[in-house]
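What the coordinates show
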Amino acid sequence: MKKSSFVQAAMLTAGVALSGAAFANTAVVNSNITEAEVLKAQQMWGNAVVQISKDFESGGLDKAKKTAQAALDAAYAYDMGPVLFKPTLAALPQNIRSTEEGALAYFVGGNKQFPNDSGFALKGWRNVESKNAVIHLNGNTALTMGNVSFTDKNGKVTTVDKTWGYVKDSAGNVKIVLHHSSLPYTN
């Protein structure tokens, strides 16, 4: 047997032996994002939008802003770097934003840096439902594309096209790194 063949055979044998029950409490680490985690992240995002609306109605802009800030911290990966954020109702030149300040302004308005933002999440939303056309899972990242429907307190439904990108951070939290939203094309 050649030396390299012998080494390869020994490595394979050792690998087989080590992959068995070498330790009684073998730790297995898996940072892959699951479909259930993606669906939960979408549900949490929708619940946060509804809560921001309700807090605005019951406690004004300050309360809504605190809720929105907490939701952004929990849902988006700004702690990891810029987030690709393209909201539905943002015009040039502020239609694409990468900072948490820009996202917060979109959700609740009141920021002189973003004078056209009136606060998307302050519109009296009562239900947010995500319907995915595709969920693409790849290791610790995931992409989704589909529609999100927002129902206001009068029962009016607004549906947008939505693409989200997610990453699982080192603490196991699934966070948004890409948020693209647009109104569906109509003739």
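Check the entry above for the structure.
Values in this document were obtained by computation on a predicted structure and should not be read as measured data.

1. Some remarks on the overall build of the protein chain
- Across its full length, the protein chain holds three helices and five strands.
- Taken from N to C terminus, the helices and strands of the protein chain fall in the order α-α-β-α-β-β-β-β.
- Taking all 187 residues of the protein chain together, the buried fraction comes to 37%.
- Here the analysis covers contacts within the protein chain between residues at least 6 apart in sequence; of these, 49% occur between residues at least 24 apart.
- As presented, the protein chain carries roughly 11300 Å² of accessible surface, and 57% of it is formed by carbon and sulfur atoms.

2. What about helix 2 (residues 35–75)?
- In this model helix 2 runs just 16 Å from its N-terminal to its C-terminal C-alpha over 41 residues, more than 12% under the 60 Å that 1.5 Å per residue would give.
- Maximal helix bending in helix 2 amounts to about 145 degrees, located at G59.

3. Some remarks on the side chain of D55
- Mapped onto the secondary structure, D55 falls in helix 2.
- Here D55 is buried and forms no salt bridge, its nearest opposite-charge partner K63 lying at an N-O distance of 4.0 Å.
- The contact partners of D55, leaving out residues within four places of it in the chain, are G60, K63, A64 and T67.

4. Examining the packing of helix 2 against helix 3 (residues 100–108)
- As a packed pair, helix 2 and helix 3 sit with axes 13 Å apart at the nearest point and diverge in direction by 50 degrees. With respect to helix 3, the element helix 2 is oriented oblique. Judged by residue contacts, W45, V49, I52, L61, A64, K65, A68, Q69, L72 and D73 of helix 2 engage E100, A103, L104, F107 and V108 from helix 3.
- Classifying every residue of the contact of helix 2 with helix 3 by side-chain character gives 11 nonpolar, one polar and three charged.

5. A short note on the sheet that holds strand 5 (residues 174–182)
- Taken together, the five strands give an open sheet; going across it, the order is 1-5-4-3-2, and neighbouring strands pair in mixed fashion. At either margin of the open sheet sits one strand with a lone partner, and together these are strand 1 (84–86) and strand 2 (125–138). Between one strand axis and the next, the sheet turns by 30 degrees as a mean value, whatever way the strands run.
- Note that strand 4 (residues 157–168) and strand 5 share eight bridges and pair antiparallel. Bridge pairing links W164 to H179 in strand 5.

6. Side note on the environment of S31
- For S31, the location among the structural elements is in the loop between helix 1 (3–19) and helix 2.
- For S31, a relative accessible area of 40% corresponds to the partly exposed category.
- A sequence separation of 110 residues divides S31 from T141, and the C-alpha atoms of the two residues are 9.2 Å apart.
- Contacts of S31, omitting those with residues within four sequence positions, involve G139, N140 and K168.

7. Brief notes about the pattern of salt bridges
- Applying the stated criterion across every chain, the model contains five salt bridges.
- Note that K168 and E37 form a salt bridge whose closest N and O atoms lie 3.0 Å from each other. Here the residue K168 occupies a position in strand 4, and E37 occupies one in helix 2, the gap between them amounting to 131 residues.
- With relative accessibility at 25%, the residue E37 sits in the partly exposed group.
- With a closest N to O distance of 2.6 Å, R97 and D117 form a salt bridge.

Cut-off values and rules
- Residues numbered from 1 in each chain as written.
- Predicted model: local features only at pLDDT ≥ 70, side-chain atom pairs only at ≥ 80, totals over all residues.
- Heavy atoms only, no water.
- Helix = DSSP H or I, 4+ residues; strand = E, 2+ residues; numbered from the N terminus.
- Buried < 20%, exposed > 50% of the residue type's maximum accessible area, 1.4 Å probe, protein only.
- Contact = heavy atoms within 4.5 Å.
- Areas by Shrake-Rupley, 256 points an atom, 1.4 Å probe, with all protein chains shown as cover.
- Expected span 1.5 Å × (residues − 1).
- Bend = angle between axes of the 7 residues up to and from the residue.
- Lys, Arg positive; Asp, Glu negative; His and termini not counted.
- Salt bridge = Lys/Arg side-chain N within 4 Å of Asp/Glu carboxyl O.
- Axes fitted to C-alpha atoms, helices over the stretch in contact; angles between N-to-C directions.
- Parallel < 35°, antiparallel > 145°, perpendicular 65-115°, else oblique.
- Nonpolar A, V, L, I, M, F, W, Y, C, P; charged D, E, K, R; others polar.
- Pairing = 2+ DSSP bridges.

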